[in-house]
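Analysis of the macromolecular model
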Amino acid sequence: MPWQRYTSCRWAGDQRHIQGAYVSDTVIHIDNLENRFGTTVVHQGLNLSVMRGEILGVVGGSGTGKSVLLRSIVGLKPIDDGDIHVFGQRLAALDRRQRAAVERRFGVLFQQGALYSSLNLLENVALPLVEHTPLSRPEAEQIARMKLALVGLPAGAAEQMPAALSGGMIKRAALARALALDPDVLFLDEPTAGLDPISAARFDQLLLTLRDALGFSVFLVTHDLDTLYSVCDRVAVLARKQVLVADTLENVAATQDDWIQDYFHGPRGRAAYASMKENR
Ligand SMILES: Nc1ncnc2c1ncn2[C@@H]1O[C@H](COP(=O)(O)OP(=O)(O)OP(=O)(O)O)[C@@H](O)[C@H]1O
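Residues numbered from 1 in each chain as written. Predicted model: local features only at pLDDT ≥ 70, side-chain atom pairs only at ≥ 80, totals over all residues.

As recorded in an unreviewed UniProt entry, the protein goes by the name ATP-binding cassette domain-containing protein, listed as coming from Vreelandella azerica.

So, in structure tokens, the structure goes:
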């Protein structure tokens, strides 16, 4: 029983105070992960945990393997070594049916939004419900309308095609689809990329509000320093094939590492920090 193994580990009983709420569980634990493409080693000896209810920001230079890490957890990239435990279950030990049950508890928003261009917003959001639940199409569409409202889209948006929408609306619709099955963990790959600063800030605020209301955990790959400062409980830095540090933003920013110092204390980092202080 893999979960029994956890009970003797330091992080199993770890209690953290995250934005006003105590969380006491690890939902994802990655142990000694290795990922390769041919002779290119992307991850080696990578360790990381995601705690229940937290928003974990994942940062690192381009090509350090943030998206590959996300894809490994959600089952889109077979890992080459190590272990990933999700909800106390070792992924490699699960059969197809068990794995599908775990993956059903994930919501994923990919970098490009990834809506089906031939389906309107309502059909896009209803699709996972039609495919993965016994709901009838009218029932699925009723829930899809609620999800579209939840992310702040007007009722009239349901019948619109993705091509007719702004970037911010597409991100919201993609978020509605990621939330369709009421996930326990939401995976977001650069959700604010390509958005203007006002739309990006609104998206960040929406994410925070939904997390506080619904209590899911978030694995958030981002380059956006404003997002890190405004929504993340902890930040993990990927560098040199591993997670260099995973801690509060304050502790991460104080870590003595050239990339971290450049990233958090360069001009953009200082501006994001100043903006966060101003908005508090
Ligand atoms: N399907 C693939 N085949 C071969 N190599 C790949 C594949 N997917 C990713 N890689 C390589 O893995 C490495 C990590 O890629 P990944 O997309 O995870 O980086 P990233 O940190 O998300 O980068 P960015 O911040 O630029 O999006 C890169 O060197 C990339 O070329």
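And the narrative resumes.
A few words now on the sheet that holds strand β9 (residues 185-189). With mixed pairing, the six strands of this open sheet are ordered in space as β8-β9-β10-β5-β11-β12. In the strand order of this sheet, the two ends are held by β8 (106-109) and β12 (242-247), each with one partner. Shown here is a sheet whose adjacent strand axes are inclined to one another by a mean of 15 degrees, direction ignored. Examined bridge by bridge, strand β5 (residues 55-60) and strand β11 (residues 234-239) share five bridges and lie parallel to one another. When the sheet's bridge partners are listed, V58 is paired in β11 with A236. Strand contacts of helix α6 (residues 167-178): β8 and β9, with the helix running at about 160 degrees to β8, the strand carrying the most contacts. (Pairing = 2+ DSSP bridges. Helix = DSSP H or I, 4+ residues; strand = E, 2+ residues; numbered from the N terminus. Axes fitted to C-alpha atoms, helices over the stretch in contact; angles between N-to-C directions. Contact = placed C-beta atoms within 7 Å.)

We now examine the site of the ligand. Around the ligand sit F37, V42, G60, S62, G63, T64, G65, K66, S67 and V68, and that is every residue in its neighbourhood. Here the residues of the shell around the ligand sort into three nonpolar, six polar and one charged. (Near = placed C-beta within 6 Å. Nonpolar A, V, L, I, M, F, W, Y, C, P; charged D, E, K, R; others polar.)

Two measures define how a pair of helices packs: the angle their axes make with one another and the distance between the axes. Contact pair helix α4 (residues 121-132) / helix α5 (residues 137-150): the axes reach a minimum separation of 8 Å and the direction vectors enclose 120 degrees. Considering the angle they form, α4 stands oblique to α5. In this structure, α4 crosses over α5, and the sense of that crossing is right-handed. When α4 is examined against α5, the residues L121, L122, V125, A126, L129 and V130 are found in contact with a partner set consisting of R137, A140, E141, I143, A144, R145, K147 and L148. Residues that form the contact of α4 with α5 fall into these classes: ten nonpolar, no polar and four charged. (Parallel < 35°, antiparallel > 145°, perpendicular 65-115°, else oblique. Left-handed = near helix turned anticlockwise from the far one by under 90°.)

What follows concerns the pairing of β5. Most of β5 is tucked away, with six of its six residues classed as buried. A two-sided burial pattern is seen for β5, the buried positions comprising I55, G57 and V59 on one face and L56, V58 and G60 on the other. Bridge count between β5 and strand β10 (residues 217-221): four bridges; the pairing is parallel. Within the sheet, the bridge partner assigned to V58 lies in β10 and is V221. (Buried ≥ 20, exposed ≤ 12 C-beta atoms within 10 Å, placed from the backbone.)

With respect to the helices, strands and loops of the structure, T64 is situated in the loop between β5 and α2 (66-73). Residues within four places of T64 in sequence aside, it is in contact with L238 and A239.

Once that is clear, we can look at helix α7 (residues 197-214). For α7, with 18 residues, the first-to-last C-alpha span of 25 Å sits near the 26 Å given by 1.5 Å per residue. Listed in full, the buried residues belonging to α7 are A200, F203, D204, L207 and R211. The buried residues of α7 occupy an angular sector of 100 degrees when the element is viewed end-on, so they sit on one face. Exposed residues on α7 whose side chains face more than 90 degrees from its buried face are I198, T209, D212 and A213. The inward-facing, buried residues of α7 abut β5, α6, β10 and α8 (225-231). Looking one or two places after α7, you find G215, whose phi comes out positive at around 80 degrees. (Expected span 1.5 Å × (residues − 1). Arc of directions from axis to C-beta.)

Of the pairings in the sheet, the one linking strand β3 (residues 26-37) to strand β6 (residues 81-86) comprises five bridges and is antiparallel in character. For I30, the partnering residue across the bridge sits in β6 and is I84. Across two bridges, the pairing between β6 and strand β7 (residues 89-90) is antiparallel. Pairing of H85 across the sheet is with R90, part of β7. If you look at the hairpin formed by β6 and β7, you'll find two residues sitting between the two strands, and F87 has a positive phi there, around 50 degrees.

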